[in-house]
Amino acid sequence: MTVVLRAEDYEYIAEGSAHLIAAYHGPEGSLLSGKVLRIALEDSAEAGDSEEQFIRSVMMPLIGGKYADPGTPVPCTREFLEELEKRVEPFRKHGKVAHAIDKERPSVLLKRNFSAGFGEGSWCLELKPKYYLTARSRLLPPELSEKYRTAFFEMLFDRGAVGAYNPADLLSGDRVRIARAVRELW
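I will try to describe carefully the structure that is included in this document. Counting of residues starts from 1 at the beginning of each chain's written sequence and follows it residue by residue. In view of the model being predicted, local features appear only for residues whose pLDDT reaches at least 70, and side-chain atom pairs are presented and counted only at 80 or more, with totals across whole chains, interfaces and linings using the full set of residues. Values shown for side chains rest on all heavy atoms present in the structure; no hydrogens or waters enter the calculation.

### Looking at the sheet that holds strand 1 (residues 10-15)
In plain terms, the rule: Here, strands pair whenever DSSP counts at least two bridges between them. Only DSSP runs of H or I with at least four residues qualify as helices, and only runs of E with at least two residues qualify as strands; both kinds are numbered from the N terminus onward. Throughout, an axis means a line fitted to C-alpha atoms (over the contacting stretch in the case of helices), and angles, computed between N-to-C directions, take values from 0 to 180 degrees. Contact definition: two residues touch when any of their heavy atoms are within 4.5 Å.
Here 5 strands make up an open sheet; going across it, the order is 1-2-3-5-4 and the pairing antiparallel. Two strands close off the open sheet at either side, each with one partner strand: strand 1 and strand 4 (72-75). Along the sheet, successive strands turn relative to each other by an average axial angle of 35°, direction set aside. Relative to strand 2 (residues 19-24), strand 1 is paired through 5 bridges, and the arrangement is antiparallel. Bridge pairing in strand 2 places E11 opposite A23. On top of the sheet, helix 2 (residues 78-88) reaches strand 1, strand 2, strand 3 (35-40) and strand 5 (107-112); it is set at about 75° to strand 1, its chief contact.

### Things to note about the nonpolar core
Note on soluble globular proteins: their nonpolar side chains tend to be buried together. Using the following cut-off: The term nonpolar core refers to a set of buried residues drawn from Ala, Val, Leu, Ile, Met, Phe, Trp, Tyr and Cys, joined through side-chain atoms within 4.5 Å. Here's how the labels work: a residue is buried when its accessible area is under 20% of the maximum for its type, exposed when over 50%, partly exposed in between, all with a 1.4 Å probe on protein chains only.
Ranked by internal contacts, the top residues of the largest apolar core, which has 21 residues, are L5, Y10, L37, I39, F80, L84 and V108. Sort the elements by how many residues they give to this core and helix 2 lands first, with 4 residues. What L84 contacts, discounting residues up to four positions off in sequence, is A7, Y10, I39 and I101.

### What about the pattern of salt bridges?
As a reminder, the rule being used: Salt bridges are defined by distance alone: a side-chain nitrogen of Lys or Arg within 4 Å of a carboxyl oxygen of Asp or Glu.
The full count for this structure, using the stated rule, is 11 salt bridges. The closest approach of N and O atoms between R78 and E82, which form a salt bridge, is 3.0 Å. Placement of both R78 and E82 in helix 2 is noted, with a separation of 4 residues, approximately one turn of the helix. Given a relative accessible area of 36%, R78 falls into the partly exposed group. Classification of E82 by relative accessible area gives partly exposed; the value is 29%. A network of salt bridges, in which partner residues are shared, links R6, E8 and D9.

Laid out in structure tokens, this is it:
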């Protein structure tokens, strides 16, 4: 697929510590309609092939290709990334440690825009395997022993803010825990 990326066709959606997401809002009928770009930020480790493999081998069989997209790398220029960074900067959250877009990357990841297109009242859930994990390293000092007992998700979020939701319940295999987790998402 040959794609011409133009910064003026994209709007800021969100970002995490490693990537920024920009949604296509250019001319309708384009191959890019209904897509987002996942753009690496500076100082972020790139999961790359392992993430794509996880999506293909775990998520797609579990929930189907309609709901999981490993993405397609699309070549881009430094000029495109510079222009896009200028365009999205006013919409980025201030006060958060925001990394600049990594303008040395030769490509961005084109993915389906799951935050749009399923109709009114739809929602998007990002499952992050790291949220289910507890530390297992012998290198972790004793003063951080809580990490051995507490899942990353529980340390990251204030329990009052997320209620009884626990992402580990979604993959537990226990119908009661799965149902509780889905209910708590509302």
